[in-house]
Amino acid sequence: MGAPFRGVLLNTRHEHFSSLYRASADPWQVCTRWYERRKRAALLAMLPRAQFRRAFEPACGNGELTLELARRCDRVIAGDLTADAVAIARQRTGHLSNVEIDVREVPSDWPEGNFDLIVLSEFLYYVAIEKLPGLVHQATGSLSEQGVIVACHWRPDSADRSATTEQIHSLFDVCESLHKLARHEERDFLLEMWSPDGRSVMEREARE
């Protein structure tokens, strides 16, 4: 993840993303590359519950992770910046009655209601830096009392980033309402999870 975006200015990202999805239904090979499949498996394994009520996945791309989330969630609200990606994701998830996908640009198009799972994967470094605090506020404000926020992002630097992965994730670290539940760090990516409920997976299961 990351290489197709190098040298692309933030204010042209919409056009660039659209052109990528018009050229290929899987521009980052998230369906086939072991790196992507392994990273997705790590994210799913980190989730503290087997089943969730309502999830939000902005920047869903072609819907590969959305398909996995639909198996673990009663309802998945997903979105992407471009209509091209949304069309592909809708086609791939059309057989699932618990998935809803729309064109969304967060934080301005944040859906209403509470979520017990919010997945922020591989896109926050392309959100304008002045919009990041608002996005963090939207995410924490729409999280249920036992809900979780999961963030997973590519770490290497590139000229088109608004901030480093570490800077972005630190915005959740300083939220007084959140406890960090897990962190998985590799050279390529950083995967972390926060929740208002600071109990461990075992503690949650023992009291349910």
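As the structure is a computational prediction, the values presented were derived from the model and not from experiment. (Residues numbered from 1 in each chain as written. Predicted model: local features only at pLDDT ≥ 70, side-chain atom pairs only at ≥ 80, totals over all residues. Heavy atoms only, no water.)

A. The arrangement of the pattern of salt bridges in detail. Inspection of every chain in the model, using the stated rule, returns 18 salt bridges. Asp 84 is the salt-bridge partner of Arg 22, the closest N and O atoms lying 3.7 Å from each other. Taken as a pair, Arg 22 in helix α1 (residues 13-23) and Asp 84 in helix α4 (residues 83-93) lie far apart in primary sequence, 62 residues in all. A residue is classified by how much of its surface remains accessible, and Asp 84, at 23% relative accessible area, is partly exposed. Here Lys 180 makes a salt bridge to Asp 173, at a shortest N to O gap of 3.0 Å. Through salt bridges that share partners, Arg 155, Glu 166, Asp 173, Lys 180, Arg 183, Glu 185 and Glu 192 make up one connected network. (Salt bridge = Lys/Arg side-chain N within 4 Å of Asp/Glu carboxyl O. Helix = DSSP H or I, 4+ residues; strand = E, 2+ residues; numbered from the N terminus. Buried < 20%, exposed > 50% of the residue type's maximum accessible area, 1.4 Å probe, protein only.)

B. Fine view of the sheet that holds strand β5 (residues 143-154). Taken in spatial order, the seven strands line up as β3-β2-β1-β4-β5-β7-β6 in an open sheet, and their pairing is mixed. Taken across any chain shown, the strands that pair with only one partner, and hence form the sheet edges, are β3 (99-103) and β6 (179-185). Mean inter-strand twist for the sheet, computed between neighbouring axes without regard to direction, equals 15°. The sheet contact formed by strand β1 (residues 52-57) and strand β4 (residues 115-121) spans two bridges and is parallel. Pairing of Phe 56 across the sheet is with Ile 118, part of β4. (Pairing = 2+ DSSP bridges. Axes fitted to C-alpha atoms, helices over the stretch in contact; angles between N-to-C directions.)

C. Main features of the pairing of β5. Counting buried residues in β5 gives 10 out of 12 residues, a clear majority hidden from the surface. With six bridges connecting them, β4 and β5 associate as parallel partners. Paired with Leu 117 across the bridge in β5 is Val 148. Once you follow β4 into helix α5 (residues 132-141) and on to β5, the crossover reads as right-handed. Bridge count for β5 against strand β7 (residues 189-195) is six bridges, and the pairing is antiparallel. In the strand pairing of β7, Trp 154 is matched with Phe 189. (Right-handed = clockwise from strand over helix to strand, strands pointing away.)

D. Broad picture of the nonpolar core. In terms of nonpolar packing, the biggest core is built from 53 residues, with Leu 117, Leu 120, Leu 124, Ile 149 and Phe 172 touching the most fellow members. Among the elements that line this core, the one with the most residues is β5, at seven residues. Residues in contact with Leu 117, not counting those within four places in the same chain, are Leu 47, Phe 52, Arg 54, Ala 55, Phe 56, Leu 69, Cys 73, Val 148 and Val 150. Counting residues in hydrophobic clusters, the runner-up holds six residues, among them Trp 28, Val 30, Ala 85 and Ile 88. (Core = buried A, V, L, I, M, F, W, Y, C linked by side-chain atoms within 4.5 Å. Contact = heavy atoms within 4.5 Å.)

Distances and angles like these do not, on their own, reveal function.
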